[in-house]
Every structure is written in C-alpha cells, then in structure tokens.
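# Close look at the chain arrangement
So you can see what is in the structure, the chains are spelled out below.
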Amino acid sequence: MENIKELQKQLTLFDEAYEKGNPLISDTEYEKRYSELQELEQKTGTVDPNSPTQTIAYTKVDGLETVKHTIPMLSLDKANDYHNLKKWFSQVRDNVLVQPKLDGLTIVLHYQDGKLVDAVTRGNGIEGERVLHTVNTVVNLPKEVLFAGNLEIRGEVYIPFDEFNKINTNGEYTNPRAMAAGMIRRHDASSAKGLRIQIFDLVNAEDQVFVTDREQLEFLANQGLPVVQTTMFADFDKITTYCTQWQEKLRQEVPYPIDGMVLKFDRLEIRERLGFTAKFPRWGMAFKFPSQEEFTYLREVTWQVGKSGQITPVAVFDPIEIDGVTINRATLHNKQFILDQDIRIGDRIVVARANDVIPKVIRAVVEARAEELTLPEIPTQCPSCGQDVWVEGSNPHIQCLNPFCKAQIIEKIIHYCSRDAMDIEGMGEVNVRLLFELGFIRDPADLYELHTKAEALQDLEGFGKTKVKKIIEGIEKTKDIPFSRLLFALAIPGVGRTTAQAIVKKFPTLESLKNASKEELAIVDGVGSVTAQSIWFYFQGPQTKTMLNRLVNAGINTEELVAETKDTLTGKTFVLTGTMSLPRAEIEAIIKQSGGKVSGSVSSKTSFLVAAPGETGTTKYQKAVDLGVSIISESQLMEMLL
Ligand code: IVH
C-alpha cells in the first residue's frame, strides 16, 4: 500500500513536470513505473480515482478560461512492442487506420455556421482551457469551412522542426512539444509563432451520418482541413512493416516531431461495440517509438579540437541506451551552451539522439541537483598543442589558432579524405590517424606522395597489396574532382559545401581565389565579412602556400570545370527522395548549376519530385501525389538538362 502511494506521488510529480515541458525522467522510465503502479493497483484491487493511472495531469494557466468538453477527451492506451499491439488487433481483426502520432498537444475545435468559434485544450479530459486566440494564429488551419452545421473536431497542434530552430535561439524550450504547449497557452496571441495543426478526429458533424472513420476524415479533408496522413490495413504484418518504416525512415524525413503511430479500428460500429475504459477508448492504440531522449549523470567534460581549430566540449556520462544504441558521450555544443544551461559535473542531464544524428546534451535537470556542483573547467590552453586559446566576446566557441596544432592537422586530413570532400576509399578516420602517427602523412599534399611509399605501406598490419593499391588509385582519382570540392576539402573555417560552390562561381580557379581581396570575397552569396576574412587569412599562411603548391605540382585540378551555367532549370524547384546513382550532393550541384533550386520537403512550390525507384511509400512521394507535383526519375532529370 505504501508502495502504491509513493508511486502515485512520484508519477503525479512526473506528470506535472512533463506537462510543463520539463520532464524529470525519460518516457521509457516513466512507462516502467507507470506499469508497475498499474500492476500493483490491479493486484490489490483498489483503484484510487485520483491515481495517475486514472487521471490526466493538467496545470491551469492563470487567466485562461476553463471550458467543459462536450464529450470527455480521453487519451490512448500505449503498446511498446508488436506483441501487445497484436493482442489489441486480434480482438477484432478488421480494417485499421494507421496514422503518425504527432508530438504536440490536442486541441478541440468548434465550427458554427462555417466559422471557427472555439478552441479548447485537452486539460484533464473533462475540462480544458479556451485558447481560441492563439489557435487563430495557426497558419494552416482554415478559420472558415463550407459545412454550415455544428462541427466539433480534434487535432494535434505542433511546431515543425525548422520553426523550432528558428524561434528557440535562446534555448528557452527543450523540444518542439514544450514550445507548442507554451505558445498555445500564452495570453498574448501576437507572441505565438510557428504553430501548425493536423486534424485526427471528428467528434460531431451536425446531422451527418458516417459508417467509417475514413468517411469522416474524407469529409474533413473536403472542408479544406489539414487531416493527418492516414493509411488503412487489414493485415497485421502489413501494419508492423508500415510502423517500422515510419520508425526507421519516415520519422526522420517529415519536418515535424512524431513519437509513435496511432492505430484505430475504422468501422464506427466496432468502436461503439468496444467502448472505453476510464481513461482510454478500447478501439484505439498508440504504438510508441523507443525514446530518443534519455536521462543520465554527467561525469566529465573533455574538449575536442576540430578541423578548423574550434574546441568543442564533449560530455562523458553513465552509459545509456537510446534508439537501440549504447552511448556514453555526446556533444555539449560550445562553451557558451554550458554556461547558459548551467551544466555542472555530476548533474542529471538529458541526452538526445535521433537516427544517424550526433548525440547531444539537451539540458541539465537543475531541479534534481541535491548538492553544490561545480561547472566544468573551460580550457585556457588548447588540449592538443597547449597554445593559449582564442576567446572572442560574441563567439560561443573557443578556438585554437595554432596552424601546427596536431589535433587540427589530423582532423583536416580526415575531412580532406571524407566522402563529401575528396572521397578517398580506404582513408577513413582510423587509417588517417595511423598513417599520421607513423609519419606517412603530415598534410593533405603528402597523400599524393604515398605511391612512392607503397612497399612500406603494404607491410603495415591490416594493409596488404590490394588495399594499398585501392588507396593509391582512390587518391589518383581526386585529381579530377571539381575545384569546388577541393575548396570544401581544405577545411577553411566557414567554408561549407554550399559556400564553396558559391565561391567558385565568382572565382573559378585557385589562382583567382588566392588573389581575391577581403572585399571581393565578402560580396559572394553566403560569404559575410567574417568568412571573407577567414578565407583571405587562410591563403596568407606560408605553410598553406607551400601545401597548395605541392597539390598543384601533384596535378590536382584547380579550376571549376563547369564554367558554363545553363538556365535550363531556372525557376524550377526540385525535391529528391531515395538513393540515386550519383551522390546526392552531386545531383544537387547539377540542379543548381543549371539554375534550379533544391528543397528538402515537398510543398505546393515544388516543381518536380525526383524519386529513386521503389520510393513510392515515402512521405515526400505521397505528398507529391497529394499536391499533384510531377514525379520524375533521375534519368528524366538528366534529360531535362540537355
Ligand atoms: S487519436 C481518444 N490520432 O496522442 C483519443 N491521437 O496518446 C484519440 N495524437 O491525446 C486520439 N497524433 O494528443 C490520435 N493521429 C493521432 C494522433 C493523436 C497525436 C495525440 C493526441 C492524443 C494522444 C494519445
């Protein structure tokens, strides 16, 4: 009994913190304790109506009006694995609608005489808060619909990632969900920005009779309402394949946060038959994706020197598993992040990792700090070469300016050989480090002399004749690579792939670029005065000059080959989906070279979706179909260039 009370108290606390957007524990940990409480309650047979298993957490914001829901707004039961999902499905085995579960907050909307007249948060499910003023700022929500009768619908209000990144510059919010929850409940609607909605439920449409949910959603879509992407299945294996596809791929591609999938029986008669528990409808189920955020303890901060001399803090923490991978390190971004977030050694911290994204520390759970903790030491000397670091007032990073700093040189060579730069097979990070330590390479120009040391290389453990031949051939191939890629490969601070491409349009040869003035550089697209200064400074360095001369003598291409820009694609915007025969960066460059634009997501402004074979299931593909955007293959794109 004591245990039940304690768990109830804990979970209530966690619910409240979560609802405010500052969770104290991870979703996985929460669910573990929640099930524990549920089991204990079931065993003892005493269910307290105020237990967190029976209620929905809700903290009122002062000044917002409370509104009672016409029909209680329940939550959904969760399944964390396919076994439990199958149990749910097997009770009926009928058509199931599957939708992404948007990570925002539910809003109930009321339309009357075709006009949006009310919007209420879920609250505790019985009553919520009137938020019509902020819901009116939701850009993709029509404030008027054709249907003139009373209409009550539900949807999820959320913040797309790009808006989150744009708005959250001071790190006020820990994630888009917290931002959406904060914005929607603001008193001043003019400060609510970036909100979007997707509708997932029709509660009531006066005098309309429907047999299935699909008909209801179609009706809503015909009103011009943005209905959540919905697919229907009757076969459980197809459901799991689809959910896995979302979890592993689509989730990364859509521009908004998703934390799982929602499954609902389609036939309304089945829904009626199954009914509700105190908290959930039995006809629906949420399938939660594994958490992409975990909580752990920060043990140490180490400092890593990057290719351009930036010194980045790295958090070392107690190992955690996120998304199926165990990690004990994550970036802490820069020294300013540590100071702004007040992150201390020993703190409980939140770490996030999405598929193939570098793990990062999100924040410290300051509320969990039981004792006085100390801030990590911020280095005054480079951890690699020991030279005094450079700290500039407004720059959030600290920097090592020593061109002979070993860590920097190694990182520069690793970058030079990497896929997006010179793409030298067999020269990944491990081999670059090894060949550096053994004295074979000291800068990128040394790569072009490796062929003279082939015999010595072959004797190294794990190398051998074939491998060395491959490496040397790979290095040889880099001699014909476009100048823009060489420029990117040189790791000049501030010169990324796109900037390099813009630079070579004005300065198509190494010779012309070396002689460019800071003023000439600063007017290139995407190059401000800071990058202009950095490029100019780079070419002044005596060791840079020697290294570049050696590259030229080795026969490397220093001219941009495609000087003639064609206008065949001017005014056209392309979106790419799937794996093409050429690297994506190259296709993008080709499109831009011909005057076209490339965008990351499909919208009404997209002219063409270039889809790799077999990509018909992707969100981009479906959206293109929905919007009537032309879908072409890679070879059709190439034909357009002629
Ligand atoms: S259907 C009776 N569909 O997830 C509740 N909910 O965990 C029926 N959500 O409260 C909800 N996307 O805030 C449904 N496609 C979707 C959803 C969705 C997100 C949220 C919603 C709901 C919660 C349940």
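Cut-offs and rules
Residues numbered from 1 in each chain as written. Predicted model: local features only at pLDDT ≥ 70, side-chain atom pairs only at ≥ 80, totals over all residues. Heavy atoms only, no water. Near = heavy atom within 4 Å. Polar contact = N/O pair within 3.5 Å; in protein donor to acceptor, adjacent residues only side chain to side chain. Areas by Shrake-Rupley, 256 points an atom, 1.4 Å probe, with all protein chains shown as cover. Helix = DSSP H or I, 4+ residues; strand = E, 2+ residues; numbered from the N terminus. Nonpolar A, V, L, I, M, F, W, Y, C, P; charged D, E, K, R; others polar. Pairing = 2+ DSSP bridges. Contact = heavy atoms within 4.5 Å. Axes fitted to C-alpha atoms, helices over the stretch in contact; angles between N-to-C directions. Salt bridge = Lys/Arg side-chain N within 4 Å of Asp/Glu carboxyl O. Buried < 20%, exposed > 50% of the residue type's maximum accessible area, 1.4 Å probe, protein only. Phe/Tyr/Trp six-rings, centres within 6.5 Å; stacked < 30°, edge-to-face > 60°. Lys NZ or Arg CZ within 6 Å of the ring centre and 35° of its normal. Expected span 1.5 Å × (residues − 1). Arc of directions from axis to C-beta. Right-handed = clockwise from strand over helix to strand, strands pointing away. Core = buried A, V, L, I, M, F, W, Y, C linked by side-chain atoms within 4.5 Å.

## Digging into the site of the ligand
- The environment of the ligand is made up of 14 residues, and the closest members are Q99, K101, L102, T106 and E156.
- Contact distances for the ligand include 3.3 Å between a nitrogen atom and a backbone N or O atom of P100.
- E156 places a side-chain nitrogen or oxygen 2.6 Å from an oxygen atom of the ligand.
- Protein contacts shield 95% of the accessible area of the ligand, which totals 510 Å² for the unbound molecule.
- Here the shell around the ligand takes 4 residues from strand β3 (residues 96–102), the largest share from any one element.
- A breakdown of the residues in the shell around the ligand according to their chemical character gives 7 nonpolar, 3 polar and 4 charged.

## Concerning the sheet that holds strand β9 (residues 231–233)
- Taken in spatial order, the 5 strands line up as β2-β11-β10-β3-β9 in an open sheet, and their pairing is mixed. Pairing within the sheet leaves two strands with one partner each, and these edge strands are β2 (78–79) and β9.
- Where β2 and strand β11 (residues 284–288) come together, 2 bridges link them in parallel fashion. Along β11, the bridge assignment pairs A79 with F287.
- Its contacts with the sheet place helix α7 (residues 213–222) against β3, β9 and β10 (258–265), and it is angled at close to 50° to β3.
- Sheet strands touched by helix α8 (residues 236–253): β3, β9, β10 and β11. Its angle to β10, the strand with the most contacts, is close to 160°.

## Some remarks on the pattern of salt bridges
- Within the structure shown, the criterion is met by 32 salt bridges.
- Residue K78 is joined to E31 by a salt bridge in which the shortest nitrogen-to-oxygen separation is 3.8 Å. Placement of the pair is K78 in strand β2 and E31 in helix α2 (residues 27–44), with a sequence separation of 47 residues.
- Across the salt bridge formed by R299 and D318, the nearest N and O atoms sit 2.8 Å from each other. Note that R299 is positioned in strand β12 (residues 293–305) and D318 in strand β13 (residues 310–322), a separation of 19 residues in sequence.
- R299 sits in the partly exposed class, given a relative accessible area of 47%.
- Sharing partners across several salt bridges, the network here consists of D342, R344, D347 and R369.

## Side note on the packing of aromatic side chains
- As enumerated under the stated definition, the model contains 12 aromatic pairs in all.
- Aromatic side chains Y82 and F287 sit 4.7 Å apart centroid to centroid with 15° between the ring planes, which places their arrangement in the stacked category. Linking Y82 in helix α3 (residues 82–90) with F287 in strand β11, this pair joins segments that are 205 residues apart in sequence.
- Each residue in the set W88, F89, F236 and F265 is aromatic and connected to the rest through ring pairs, giving one cluster.
- The ring of F436 is capped by R442, whose NZ or CZ atom sits 4.5 Å from the centre of that ring.
- Just above the ring of W536 sits the side chain of K518; from NZ or CZ to the centre is 4.2 Å.

## A look at unusual backbone geometry
- Of note, R93 is a non-glycine position whose phi angle comes to about 55°, a positive value.
- In this structure, R93 sits in the loop between α3 and β3.
- The phi angle at D423 is positive, at roughly 55°, despite the residue not being glycine.
- Looking at the secondary structure, you find D423 in the loop between α11 (406–417) and α12 (429–437).

## A closer look at helix α14 (residues 464–477)
- Compared with the 20 Å implied by 1.5 Å per residue over 14 residues, the 20 Å span of α14 between its first and last C-alpha is a close match.
- Buried within α14 we find V468, I471, G474 and I475. Seen along its axis, α14 keeps its buried residues to an arc of 120°; they face one direction. Looking at α14, the residues exposed on the side facing more than 90 degrees away from the buried face are K465, T466, K469 and K477.
- Buried-residue contacts for α14 involve α13 (454–458).

## Quick look at the pairing of strand β19 (residues 573–577)
- β19 sits mainly inside the fold: 5 of its 5 residues count as buried.
- Burial of the side chains of β19 extends over both faces: T573, V575 and T577 are buried on one face and F574 and L576 on the other.
- Taken together, the 3 bridges between β19 and strand β20 (residues 597–599) define a ladder with parallel strand orientation. Within β20, the position partnered with F574 by the bridge is V598.
- You can see the chain leave β19, run along helix α21 (residues 584–593) and come back into β20, and the turn it takes is right-handed.
- By the bridge criterion, 4 bridges tie β19 to strand β21 (residues 608–611) in an arrangement that is parallel. Bridging across to β21, F574 finds its partner in F608.

## Considerations on the side chain of T212
- Tracing the backbone shows T212 in the loop between β8 (196–205) and α7.
- Classification of T212 as buried rests on a relative accessible area of 14%.
- Filtering out sequence-adjacent residues up to four positions away, T212 remains in contact with D266, R267 and L268.

## Here's the deal with the nonpolar core
- Within the largest apolar cluster, 54 residues are counted, with the highest numbers of intra-cluster contacts made by Y416, L447 and L551.
- Ranked by the residues each element gives to this core, the list is headed by α11, at 6 residues.
- Those residues within four positions of L551 in sequence are excluded, and the remaining contacts are Y416, P444, A445, Y448, L486, L490 and I556.
- Residues Y111, L141, A180 and M183 belong to the second largest nonpolar core, which totals 38 residues.

## Quick look at the environment of R267
- With respect to the element layout, R267 can be found in the loop between β10 and α9 (268–274).
- With 54 residues separating them in the primary sequence, R267 and D213 have C-alpha atoms 6.4 Å apart.

## So, the environment of H133
- Among the structural elements, H133 can be located in helix α4 (residues 132–135).
- With relative accessibility at 27%, the residue H133 sits in the partly exposed group.
- Residues H133 and R497 lie 364 residues apart in sequence; the distance between their C-alpha atoms is 43 Å.
- Sequence-distant contacts of H133, that is, excluding residues within four places in its chain, are made with L64, R186, H187 and A189.
- A distance of 2.6 Å separates a polar side-chain atom of H133 from the backbone oxygen of R186.
- A distance of 3.5 Å separates a polar atom in the side chain of H133 from the backbone oxygen of H187.

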